[in-house]
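The primary structure of each chain is shown beneath.
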Protein chains: 2
Amino acid sequence: MPSHYRGTEREVRALNAYITLFRAADTLASRSSARLDALGLTIGQFGVLEALLHLGPLCQRALGEKLLRTGGNITLLVDNLEKQGLVRRVRDTADRRYITVLLTPKGKKRIRQVFPGHVAAIVRQMASLSRTELKALRRICRKLGRGIAEKTNRETTHDSSSSQ
Amino acid sequence: MPSHYRGTEREVRALNAYITLFRAADTLASRSSARLDALGLTIGQFGVLEALLHLGPLCQRALGEKLLRTGGNITLLVDNLEKQGLVRRVRDTADRRYITVLLTPKGKKRIRQVFPGHVAAIVRQMASLSRTELKALRRICRKLGRGIAEKTNRETTHDSSSSQ
DNA sequence: CGCAGATAGTTTAATATTAAATAGTTGTGA
DNA sequence: TCACAACTATTTAATATTAAACTATCTGCG
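Residues numbered from 1 in each chain as written. Chains lettered and ligands numbered in written order. Predicted model: local features only at pLDDT ≥ 70, side-chain atom pairs only at ≥ 80, totals over all residues.

S.K.: An account of the interface of chain A and chain B is requested, with residue identities and associated values reported.
M.R.: The interface of chain A with chain B comprises 50 residues on the first partner and 50 residues on the second. Within the residue set of the side of chain A that touches chain B, elements represented by two or more residues are helix 1 (9-38), helix 2 (43-55), helix 5 (105-125) and helix 6 (131-151) of chain A. By residue number, the principal contributor to the side of chain A that touches chain B is helix 1 of chain A, which donates 18 residues. Its residues assigned to classes, the side of chain A that touches chain B comprises 26 nonpolar, eleven polar and 13 charged. (Contact = placed C-beta atoms within 7 Å. Helix = DSSP H or I, 4+ residues; strand = E, 2+ residues; numbered from the N terminus. Nonpolar A, V, L, I, M, F, W, Y, C, P; charged D, E, K, R; others polar.)

S.K.: Got a sec to walk through the protein's contact with DNA strand C? Specific residues and values, please.
M.R.: Within the structure, DNA strand C sits among 21 residues, and R61(A), G72(A), G44(B), G72(B) and R96(B) are positioned closest to it. When residues of the surface near DNA strand C are traced back to their parent elements, those giving at least two are helix 3 (60-67) and helix 4 (71-83) of chain A together with helix 2 (43-55) and helix 4 (71-83) of chain B. Sort the elements by how many residues they give to the surface near DNA strand C and helix 4 of chain B lands first, with four residues. Considered class by class, the residues forming the surface near DNA strand C number five nonpolar, ten polar and six charged. (Near = placed C-beta within 6 Å.)

S.K.: Give a detailed account of the protein's contact with DNA strand D, specifying residues and quantitative values.
M.R.: Neighbouring DNA strand D are 21 residues; G44(A), G72(A), R96(A), R61(B) and G72(B) lie closest to it. When residues of the surface near DNA strand D are traced back to their parent elements, those giving at least two are helix 2 and helix 4 of chain A together with helix 3 (60-67) and helix 4 of chain B. Considering every element that reaches the surface near DNA strand D, the biggest residue donor is helix 4 of chain A, with four residues. A per-class count over the surface near DNA strand D returns five nonpolar, ten polar and six charged.

S.K.: Explain the sheet that holds strand 1 (residues 58-59) of chain A to me, using residue names and the numbers behind them.
M.R.: Residues and elements named next belong to chain A. Reading across the sheet, the three strands line up as 1-3-2 and stay open at both edges, with antiparallel pairing between neighbours. Two strands in the sheet have a free side with no partner beyond their single neighbour: strand 1 and strand 2 (87-91). Sheet topology places strand 2 next to strand 3 (residues 99-103); five bridges connect them, and they run antiparallel. The partner of V90 across the bridge, within strand 3, is T100. Those strands touched by helix 4 are strand 2 and strand 3, and its axis lies near 115° from that of strand 2. (Pairing = 2+ DSSP bridges. Axes fitted to C-alpha atoms, helices over the stretch in contact; angles between N-to-C directions.)

None of the figures reported here should be taken as evidence of function without further support.
Pasting the structure below:
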């Protein structure tokens, strides 16, 4: 609700942009969440499967970085996916601290079934934006994310956020 | 991680914009959350106090709409704020179904203390964007939100999202 | 070698959030 | 008048998420 706050022009602009960004993201998230729930996956679970599909097997720590989630949360997500037989844990033999998580055939089939519909839903949700606007949105959000990451240097790894 | 998916140009662009939007919002949210936690407020609690400060007393349903939260959640948020003595519940005498939530003097003092720092933090987080970019970001996110709302007509009220 | 410190994953406790069921209130129409 | 539909708020049960404590493993240095 931008915005009943009175401040400098810069402040008001930043606040308005911030709030609007959040409302859009919130709305998008709840739509996606509802859609995926109906298919029997949480957003987190979907994220894990999608990452494994497109990036290949990963250890849990790497998954956590990709999905911006805590280690404990990843453990639970992988637990639940494992119970459903969609992923498998493999203890790394070279360094036994690591566990590689990989898609089972069932999991690969599942995410391949679900993913296209997810993309289609996103494309539909983004349909009100022109090509130029999509490009601008991405550019600005990237710049924003990068700006924040630089500011507060407490990332777990320096490379993961800037690459890809 | 935009994006290892191969599709039409339109699909890839929509997906990239979507993912980047989310990562930015996620990062912003976790920063804000950490900052507010340190001050003894959750994001939800802050949202309630801020809404009451800038919009005046509201019933719980209206709060839920503003904050995009469920009724049950609002009940809990208000419970916790009430325990801290920051808000008060007043049963509407004309229509006893409604409960008006309003800031206590303590609550007003508290949110007035916390809000400027919050704004400052947001301005800092948005600092990497130019004035033009802030305007563009707001415009695009608004358009996006509006586009989604139109598509799926299941809003509780029609006016709340478009106004203010 | 052997221990100190770092790192990966798990567990635990607390909190937030939602959906669904429930209780109380209002207004309407037979 | 009264039964019923609509609506507000609360409760309940389930799930997601985090932070912090903990276990297991590895690496490097004395």
